[in-house]
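# Breakdown of the fold
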Amino acid sequence: MASSCSQALGHHVFKRSRILQIHLQKSWPNRSFALNSAADQQLAVSSPEIVIPKKKTWSKEAVLQALASTVKRDPTASDYRFQDDPYLTPKTSSEFKLFSLSQESGRNAAKYFINTYPKYFQKDYAQPHIPCLMPDSLEAQIEEESEAALVERVRMRKVRAAVDLFDQLQQAGTPVSLDVTNQLLDLICLYGDHDPTQENVPEQRIEETEDVQDEPQAKKGRGAKASDLLKASWKENNNAERIFALLSEPNAHSYSAVIRGMVKYGAHSKAFSFYTDLLNSRLKADVHTFNALITAAPEVKEKYNEKWELIVDLLKQMAEQKVKPNLLTLNAVLKALRRCGTVGRSQAFPVISEMKSLSIDPSLASYTHLLAIFYKPGAPVQGQTDVLQEVMNEVSGKSFSPQDPDDALFFITAMRICLDTKDMEQAYRVHELLGVGENWRLLGKDFQQNIYYARFFSLLCMMENIDVMLKWYRDLVPSVYYPSSNVMRDLLQALDTDNRLDLIPLIWKDIKQLGHANRQNLVEELLTLMAREKHNQEVQESFAECALDIKKIYDTGDRGKVLLNWTAGSLNDLISVLLAAHRTRDAWEMLKLFKTHNRVPSEELLNKFLVCVKEAGEVNQAVELVQISAGFCLPGTPKLIQRVLQEFELTEQQRNMLSDLEIQSFNSD
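The rules we used
- Note on numbering: residues in each chain are counted from 1, in written sequence order.
- In keeping with the predicted nature of the model, local features appear solely for residues at pLDDT of at least 70, side-chain atom pairs appear and are counted solely at 80 or more, and the whole-chain, interface and lining totals rest on all residues.
- Excluded from the side-chain calculation are hydrogens and water; included are all heavy atoms of the structure.
- UniProt positions are given in the numbering used here, feature names are shortened, and annotations may be inferred rather than shown by experiment.
- Put simply, DSSP H or I for four residues or longer makes a helix, DSSP E for two residues or longer makes a strand, and each gets a number counted from the N terminus.
- Residue exposure (1.4 Å probe, protein chains only): buried if accessible area is under 20% of the type maximum, exposed if over 50%, otherwise partly exposed.
- By definition, residues are in contact when any of their heavy atoms lie within 4.5 Å.
- Shrake-Rupley sampling with a 1.4 Å probe provides the accessible areas, and residues are treated as covered by the protein chains on show and by no other component.
- Centres within 6.5 Å make a pair out of two Phe, Tyr or Trp rings, where for Trp the six-membered ring is used; the pair is then stacked when the planes are under 30 degrees apart, edge-to-face when over 60, and tilted otherwise.
- The axes are straight lines fitted to the C-alpha atoms, using for helices just the contacting stretch, and the angles between their N-to-C directions are given from 0 to 180°.
- By the definition adopted for this analysis, an angle is roughly parallel if under 35 degrees, roughly antiparallel if over 145, roughly perpendicular if from 65 to 115, and oblique otherwise.
- Take the far helix as the reference: if the near one is turned anticlockwise from it by less than a right angle, the crossing is left-handed, and if turned clockwise, right-handed.
- Three categories are distinguished: nonpolar for Ala, Val, Leu, Ile, Met, Phe, Trp, Tyr, Cys and Pro, charged for Asp, Glu, Lys and Arg, and polar for the others, with Gly belonging to the last.
- Grouping into patches uses exposed residues only, defined as over 30% relative accessible area, and leaves out salt-bridged ones; the cut-off is 9 Å for like charges and 5 Å for nonpolar side chains (Val, Leu, Ile, Met, Phe, Trp, Tyr).
- Within this document, salt bridges are pairs made up of a side-chain nitrogen of Lys or Arg and a carboxyl oxygen of Asp or Glu, the two lying within 4 Å of each other.
- Side-chain atoms alone can form a polar contact between residues adjacent in sequence; in general such a contact is a pair of N or O atoms within 3.5 Å, and within protein one must be able to donate a hydrogen while the other accepts it.
- Joining through side-chain atoms within 4.5 Å is the link that ties buried Ala, Val, Leu, Ile, Met, Phe, Trp, Tyr and Cys residues into a set, and such a set is a nonpolar core.
- Values of pLDDT, ranging from 0 to 100, describe the predictor's confidence in every residue of the model.

Per an unreviewed UniProt entry, the recorded name for the chain is Small ribosomal subunit protein mS39, and the organism is Carassius auratus. UniProt annotates the chain under Subcellular location (unreviewed entry) with the comment "Mitochondrion". Per UniProt, the chain has the following entry under Sequence similarities (unreviewed entry): "Belongs to the mitochondrion-specific ribosomal protein mS39 family."

## Some details on the overall build of the chain
Helices and strands together make up the secondary structure of the chain, namely 32 helices and zero strands. Taking all 669 residues of the chain together, 42% fall into the buried category. Across the chain, every contact between residues at least 6 apart in sequence was considered, and the portion connecting residues at least 24 apart equals 65%. Counting only carbon and sulfur atoms, one obtains 52% of the accessible surface of the chain, whose full area is about 38,400 Å².

## Re the packing of aromatic side chains
Counted by the stated rule, this structure contains 18 aromatic pairs. Between Phe411 and Tyr452, the aromatic rings sit 6.4 Å apart at their centres with planes inclined by 90°, giving edge-to-face as the arrangement. Here Phe411, found in helix 18 (residues 410–421), pairs with Tyr452, found in helix 20 (residues 446–463); they are 41 residues apart in sequence, far enough to count as distant. Among the residues examined, Phe411 registers a relative accessible area of 0% and is labelled buried. Arranged with centres 5.9 Å apart and planes meeting at 25°, the rings of Tyr428 and Trp472 form a pair that is stacked.

## Things to note about unusual backbone geometry
Cis geometry marks the peptide bond from Val477 to Pro478, where omega comes out at 0°. Looking at where Pro478 falls in the secondary structure, it is placed in the loop between helix 21 (466–476) and helix 22 (485–497). Positive phi is not limited to glycine here, since Arg282 has a value of about 60°. Considering the arrangement of structural elements, one finds Arg282 in the loop between helix 11 (268–280) and helix 12 (287–300). With phi around 55°, Lys422 is a residue other than glycine that occupies positive phi space. Summarising the element assignment, Lys422 is placed in the loop between helix 18 and helix 19 (424–434).

## A few points about the packing of helix 15 (residues 341–357) against helix 16 (residues 364–374)
Two numbers describe how helix 15 lies on helix 16: the axes approach to 9 Å, and their chain directions differ by 155°. In terms of their interaxial angle, helix 15 and helix 16 are classed as roughly antiparallel. As helix 15 packs across helix 16, the resulting crossing turns out to be left-handed. Of the residues in helix 16, those in contact with Gly344, Arg345, Ala348, Phe349 and Ile352 of helix 15 are Leu370, Ile373 and Phe374. For the contact of helix 15 with helix 16, the residue count by class is six nonpolar, one polar and one charged.

## Comments concerning a nonpolar patch on the surface
Together, Tyr112, Phe113, Tyr117, Tyr120 and Phe121 give the surface a local cluster of nonpolar side chains, amounting to about 550 Å² of exposed area. Its place among the elements puts Tyr117 in the loop between helix 4 (93–116) and helix 5 (147–155). Tyr117 sits in the partly exposed class, given a relative accessible area of 40%.

## Quick notes on the environment of Arg416
Relative to the helices and strands, Arg416 is located in helix 18. We classify Arg416 as buried; its relative accessible area is 12%. Residues Arg416 and Leu459, 43 residues apart in the sequence, show an inter-C-alpha distance of 9.5 Å. Setting aside anything within four residues of it in sequence, one finds Arg416 in contact with Tyr375, Lys376, Pro377 and Arg455.

## Quick notes on the side chain of Arg583
By secondary structure assignment, the location of Arg583 is in the loop between helix 26 (568–580) and helix 27 (584–591). A relative accessible area of 17% places Arg583 in the buried class. There is a polar contact of 3.0 Å between the side chain of Arg583 and the side chain of Glu541. Excluding residues within four positions of it along the chain, Arg583 makes contact with Glu541, Ala544, Glu545, Leu548 and Leu578.

## Some thoughts on the nonpolar core
If you look at the biggest cluster of nonpolar residues, it comprises 174 residues, and the most contacted ones within it are Phe410, Phe411 and Phe457. The dominant element in this core, judged by the number of residues it contributes, is helix 20, at nine residues.

## Quick look at the environment of Lys376
By the secondary structure assignment, Lys376 is in the loop between helix 16 and helix 17 (386–395). The exposure class of Lys376 is partly exposed, given its relative accessible area of 27%. Sequence spacing of Lys376 and Arg338 is 38 residues, and the spatial spacing of their C-alpha atoms is 9.1 Å. The residues touching Lys376, leaving out its near neighbours within four places in the chain, are Arg338, Arg345 and Arg416. In this structure the side chain of Lys376 is engaged in a polar contact, spanning 2.7 Å, whose partner is the backbone oxygen of Arg338.

## Points about the side chain of Gln317
Note that Gln317 resides in helix 13 (residues 304–320). Filtering out sequence-adjacent residues up to four positions away, Gln317 remains in contact with Tyr275, Leu279 and Phe290.

## Points about the confidence of the model for the chain
Reading fine detail from the predicted coordinates is not recommended where pLDDT is low. Looking at the chain as a whole, its pLDDT mean stands at 80, while 84% of the residues score no less than 70. Model confidence for the chain, summarised as mean pLDDT per element, is weakest for helix 8 (residues 226–229) at 39 and strongest for helix 19 at 94. Scored below 50 in pLDDT, residues 35–45 shows 19 contacts in the model against residues more than four places distant or in partner chains. Here residues 200–230 is a poorly scored stretch, pLDDT under 50, and it has 38 contacts once near neighbours within four places are set aside; other chains count.

## A look at the packing of helix 22 against helix 24 (residues 520–532)
Relative orientation of the contacting elements helix 22 and helix 24 amounts to 10°, with a least axis distance of 10 Å. On the basis of the axis angle, helix 22 is roughly parallel to helix 24. Between helix 22, through Ser485, Met488, Arg489, Leu492, Gln493 and Asp496, and helix 24, the contact on the second element is made entirely by Asn521, Leu522, Glu525, Leu526, Leu529 and Arg532. Tallied by class, residues from the contact of helix 22 with helix 24 come to five nonpolar, three polar and four charged.

## Details of the pattern of salt bridges
Any two side chains of opposite charge can pair, so long as their charged atoms come close to each other. The full count for this structure, using the stated rule, is 21 salt bridges. Of the charged contacts in the structure, one is a salt bridge between Glu438 and Arg441, with a shortest N-O distance of 3.0 Å.

Okay, structure coming up:
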């Protein structure tokens with residue numbers, strides 16, 4: 001009896017201890033907890049000792065992260081970059097680009113002065129010390145010719161200065177260690193035997209991603225520089241090859257630096273030749289060298305199967321040399337398979353499975369390459385969403401950290417596929433993944449964000465009803481995204497599809513605020529939609545006010561410059577809108593613009609005008625309307641004359657005038 005009670009008590013204590021251990025393990029996952037009482041050791045012989053930490057170490061940003069998790073994004077607020085200066089809050093996409101570049105230019109100008117005149121900025125006000133706020137040392141401190149001076153110039157990334165000093169040391173007979181020479185080779189191969197561009201020199205980026213094809217005639221100015229079109233290439237017998245040839249016994253690091261440089265700058269065949277020399281020297285390549293060679297494999301072979309065989313051969317050599325692959329190896333293989341056609345599609349999933357068996361978890365770049373293998377831009381992929389669905393099943397709900405430069409391409413690639421396949425469900429899953437953790441950081445730069453949201457909104461306009469579309473529109477515009485004129489045109493088409501043209505005046509206000517009021521095609525389409533059908537009087541009044549507002553854009557433009565040209569279609573549509581709202585006087589003033597701008601009105605417009613004139617009982621305007629029609633030599637002038645003669649009470653003088661016009665039009669025919 002006593003033994004059974006003791007055993008039951010022991011089990012109870014053990015259970016409680018196990019619960020404590022589980023809670024401790026969840027709180028401190030990096031530590032191991034175990035039970036150390038004698039009773040527990042009898043019940044759990046293999047349990048390690050419990051170690052309770054005295055305190056938990058929090059990161060410096062823990063409090064800020066906790067506070068940030070309590071709030072959500074404010075859809076009415078501007079981008080965080082402009083909240084310090086509300087006066088400069090951008091209202092259009094062009095202002096956003098201008099202000100962003102201005103901020104970047106200001107920061108670079110400040111860095112330039114701090115780094116150029118560091119002696120004036122030695123006072124350190126920051127507590128604790130913040131190294132990035134202090135001046136960078138741009139001038140070498142060691143002037144004598146020595147290995148230490150060479151190391152200093154390598155660390156300062158002065159390629160030309162480091163090469164010149166190395167040559168001086170060689171001429172003076174001063175030996176340079178192999179490690180320092182390898183560091184110099186790394187520097188030369190990283191920057192292609194050129195000094196790196198200064199980070200404090202702002203570069204004007206062209207970020208017109210959606211409006212480039214909108215109106216080519218509006219894109220005027222300086223074309224692309226020739227230097228922008230030239231890509232750095234590996235030159236024959238450059239400084240890297242020359243310095244490498246001076247080494248009496250180059251090691252694997254020496255070969256690796258040169259091979260990676262050759263691959264980066266396009267000398268792929270030469271890179272494989274150097275790799276052969278490495279093997280002949282009985283050296284082993286590291287994982288970075290193999291990753292570079294795998295990336296270059298599709299460039300040295302032509303047929304798909306030959307490319308894959310070379311990749312497999314490199315992987316086998318990795319195994320023979322006992323080089324463990326890493327995530328970049330997986331991504332290099334998948335990136336190479338993108339250029340292997342059907343072979344790539346058959347080998348993509350086996351490669352991922354093999355890497356997972358080696359405990360290598362794919363990153364977003366891995367899934368980017370996988371999607372690119374199966375979904376080629378421009379290829380017919382209607383309804384083929386199996387691979388995309390499998391990828392989203394793998395990544396949904398996970399928070400990713402940047403591990404590969406191509407991680408930033410996942411979201412725009414996935415959204416492109418959703419747009420091509422018209423898959424709204426997967427698009428929602430992609431956008432939901434963007435909000436998990438800090439995945440939003442992997443969306444890329446501003447122009448990549450514009451591409452992502454442009455595709456998302458285009459898909460919403462095609463697949464969702466207008467209420468859902470407007471919900472997303474109000475949530476993301478303009479706090480996160482400034483839609484292009486193409487997206488606004490898609491929105492107008494969505495209004496037309498759902499028969500919600502009554503919202504056009506509200507959309508026109510947004511078009512003006514976003515800076516798209518000077519887009520000829522967009523404005524003309526908006527006028528066409530308003531003039532196509534007749535609505536109730538309230539809607540027609542709002543259309544008329546919108547049309548008159550558009551007329552001001554045509555008359556004055558931006559800063560007094562005429563940006564839009566009156567066309568016959570735009571004049572016909574605008575006058576039709578005014579006539580539908582019974583704004584006959586305004587419409588009559590607009591009718592005079594046909595002659596001013598050498599445009600010809602349509603017969604349908606003149607018939608609409610005649611109906612409105614008849615309702616108003618304006619006989620003189622009816623006669624003048626016939627004169628306008630005859631002045632443009634319209635084929636429908638005789639019919640218009642007959643209608644006026646039959647439907648209006650005319651004086652004898654007016655009848656004679658119309659008879660003369662009828663004879664003139666008959667003779668001209």
